[in-house]
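Each chain is listed here by its residues.
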Amino acid sequence: MTIGDIVSATPVSEEGPLGVGPEGAKKIEGRSPWRLAWERLRRDRAAMISFAVIILIALVAIFAPLFASITGHGVDTQYNTIGRTPDGLPVGPSGKFWLGTDDLGRDVLVRIAYGARISLFIGVVATAITVAIGTVMGLAAGYFGKIVDTVITRLIDIMLAIPFLLFAISLASIFQPSIKIVIIVLSIFSWSSVARIVRGQVLSIREREYVEAARAMGAGPWRIMFIDILPNVLAPLIVYTTLLIPVTIVAEATLSFLGVGVQAPTADWGQMIAESQNYYEVAWWFLVFPSLALLITTLAFNIFGDGVRDAFDPRADRLFG
Amino acid sequence: MARFLVRRVLLGALVLWLVSLVVFAIFFVDPAGPDALAHRLAGKNATVQMVAQVKHRLGLDQSVPVQYWHFLWGSSQQNGLLKGSLGYSFQNGVSVNSIVKQAFPITLSLAIGAAILWLAMGLLSGILSAVRPRTMLDRTFTGIALFFYSLPTFVLGSLLLLSLYYYLTKYAHLQWFPATGYVNFTDNPGDWARHLVLPWFTLAAVTAAAYTRLTRGSMLDVLGEDYIRTARAKGLPERRVVFRHALRAALTPVVTQFGIDLGTLVGGAIVTEKLFGLPGLGFTAINAIEGQDLPVILGITMLAATAIVVANLLVDVLYAVLDPRVRLH
């Protein structure tokens, strides 16, 4: 997708009332590409449903303590007598523990609710940092060109050549793993792809007449980059960001699953699934429910992300496909 | 072409050198690093002398640039990276080369099977979807792809172990799939495959889903082009239009992605290898990390980075072969 595609998607050519009778003619109004995208998104039922699911997950995360108070089970409280069988194994879903307990006799439902906080928080924050770094790098590389471009492009090449998971694990083994480290590791490794996209867009935009005009009027590089160019890169950036969130959520869960992400006793989906590995033969709920939570979250974000992409970039294959 | 190749190889070498710098710096520049490391390796009850001994034996008492030089070129005792040696394990002194040689066939077995699987599934469903857009078939494939695309590898692997290994054995008494372990292909090809079926599928599913989406989009783009209309207009059978005319052009982005994905697999099958207890490169690396065995981590990281760089280079060359419009410079 290029900016040109979006800009050229003017109201008239896209869905304007061309060929509509005289009574339709007065409906002609200029609609901005943003407005058009928003209207398309609103009509996309799958995207709207998945957006509702995302809101729901966010509410679960925000009101996680509510789950604790309704069930009366603390997130880290180990119920050794009622939460475990006489053999010390997890107990299954019941009226007391709706989604069962884990290996330490903790309430799986409450921990899933609290785990949503970590997942969403890291997913959103790490993505935001990634996009911020990537945007600045891409803008600088594309706009300044020459040596700046060479250095940043080389940096991108290096980042893309480093095996992510291997390196992330080594990093986490040196620094004590924590939420902060996870966010830093995820951002360090993902900005390069954002930078590549932004750089490509900037390269084509910076030669446009209006940028030249801005320069002629005496605008400085920062003003041109952030006020004149950035808004025209926003559409692909928003699409990419939406689709990056589920990727980041999965990456966080994977790191925690491998034991180098969020550490116990903090409730985290990836970590719960890792802990359940030794118990799935006796406690399927311990594995299945956190897995479902993770799957529903990534699925909702991916469907919504697809919707956002289609809204901004209504190419023929997607409209007719 | 020759100039392009030389340039790309030099650039790749530069990138690899910089990667080695970054990786090395991460481990050795942190002032607490080597000391703490020597302490850990010497054991809890080690005396000061023992720690110093360990430090000396592993070369940790030398300055960082000297250590880097030894890693890159080698010292009087051992060869370095540029002479083809990845170094020696801190833990048992075994050369990293031999560790890699042992682990590589396992990762390769995993990677090849998974790659065939995801190519077959992704291409087939993607092409069928694109040829019959908006039909039930298309929607089914697109839906399945979205599902697997959203399913993290470790979740899929765990659920496969629960259902196809545990439940199948327990309730249906069918021991089709063993949970863990690896059997050499040369020892027993049947057992080799049986041990790898679940890992193959686990590793392939996400990528297959991505390929379905990629192939479908790319095919639809191409099928909308004028030359396809021309081909149809001159009365060519649809099969020929789809496979001869459209597919070749549509495959270009898929080939690019395939090269990159294959390169990433060398260090990227960590989750699958760990889940199914396959002692490949990723599994070895994660064990080395737990044991703070820096040379092994460094060696495998460099190997994995090399695989990515080489794969990218091959993709660029292949790109020009597949698509004559691409000019190399």
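Residues numbered from 1 in each chain as written. Chains lettered and ligands numbered in written order. Predicted model: local features only at pLDDT ≥ 70, side-chain atom pairs only at ≥ 80, totals over all residues.

When you go through chain B residue by residue, the secondary structure sums to 13 helices and zero strands. Tracing chain B from N to C terminus, the helices and strands come up as α-α-α-α-α-α-α-α-α-α-α-α-α. With the C-alpha coordinates aligned to their principal axes, the bounding extent of chain B is approximately 85 × 65 × 35 Å. Within chain B, buried positions represent 39% of all 329 residues. (Helix = DSSP H or I, 4+ residues; strand = E, 2+ residues; numbered from the N terminus. Buried ≥ 20, exposed ≤ 12 C-beta atoms within 10 Å, placed from the backbone.)

With that settled, consider the packing of helix α8 (residues 189-223) of chain B against helix α10 (residues 238-268) of chain B. Residue and element names in this part refer to chain B. Two numbers describe how α8 lies on α10: the axes approach to 8 Å, and their chain directions differ by 150°. Taken together, the axis directions place α8 and α10 in an arrangement best described as roughly antiparallel. The way α8 lies across α10 gives a crossing that is right-handed. Within the contact between the two elements, α8 uses Thr207, Tyr211, Leu214, Thr215, Ser218, Met219, Val222 and Leu223 and α10 uses Ala246, Ala249, Ala250, Pro253, Val254, Gln257 and Asp261. (Axes fitted to C-alpha atoms, helices over the stretch in contact; angles between N-to-C directions. Parallel < 35°, antiparallel > 145°, perpendicular 65-115°, else oblique. Left-handed = near helix turned anticlockwise from the far one by under 90°. Contact = placed C-beta atoms within 7 Å.)

Residues and elements named next belong to chain A. At a minimum axis separation of 8 Å, helix α6 (residues 64-71) and helix α7 (residues 108-144) run at an interaxial angle of 170°. Here α6 is positioned roughly antiparallel relative to α7, judged by the angle of their axes. In this structure, α6 uses Ala64, Phe67, Ala68 and Thr71 to contact α7, whose residues at the interface are Leu109, Val110, Ala113, Tyr114, Ala116 and Arg117. Grouping the constituent residues of the contact of α6 with α7 by class yields eight nonpolar, one polar and one charged. (Nonpolar A, V, L, I, M, F, W, Y, C, P; charged D, E, K, R; others polar.)

On to the nonpolar core. When a protein is soluble and globular, its nonpolar side chains tend to lie buried together. Core analysis: the biggest nonpolar cluster contains 171 residues, and A:Ala168, A:Ile169, B:Leu110 and B:Ala285 have the highest contact counts within it. Ranked by residue count, the leading element in this core is α7(A), at 17 residues. Beyond its immediate chain neighbours, meaning those up to four positions away, A:Ala168 contacts A:Val185, A:Phe189, A:Leu255 and A:Val260. (Core = buried A, V, L, I, M, F, W, Y, C linked by C-beta atoms within 7 Å.)

Further remarks concern helix α11 (residues 209-216) of chain A. Where burial is concerned, little of α11(A) is hidden: zero out of the eight residues are buried. Positive phi appears at A:Gly218, one or two residues downstream of α11(A), with a value of about 95°.

In this structure, A:Pro265 follows A:Ala264 across a cis peptide bond, with omega equal to 5°. By the secondary structure assignment, A:Pro265 is in the loop between α12 (221-257) and α13 (269-276). Notably, A:Lys146 is not glycine yet its phi reads approximately 50°, a positive angle. With respect to the element layout, A:Lys146 can be found in helix α8 (residues 146-161). Of note in this structure, B:His173 is not a glycine but carries a positive phi near 55°. Summarising the element assignment, B:His173 is placed in the loop between α7 (153-171) and α8. Judged by the 7 C-beta atoms lying within 10 Å of it, B:His173 falls in the exposed class.

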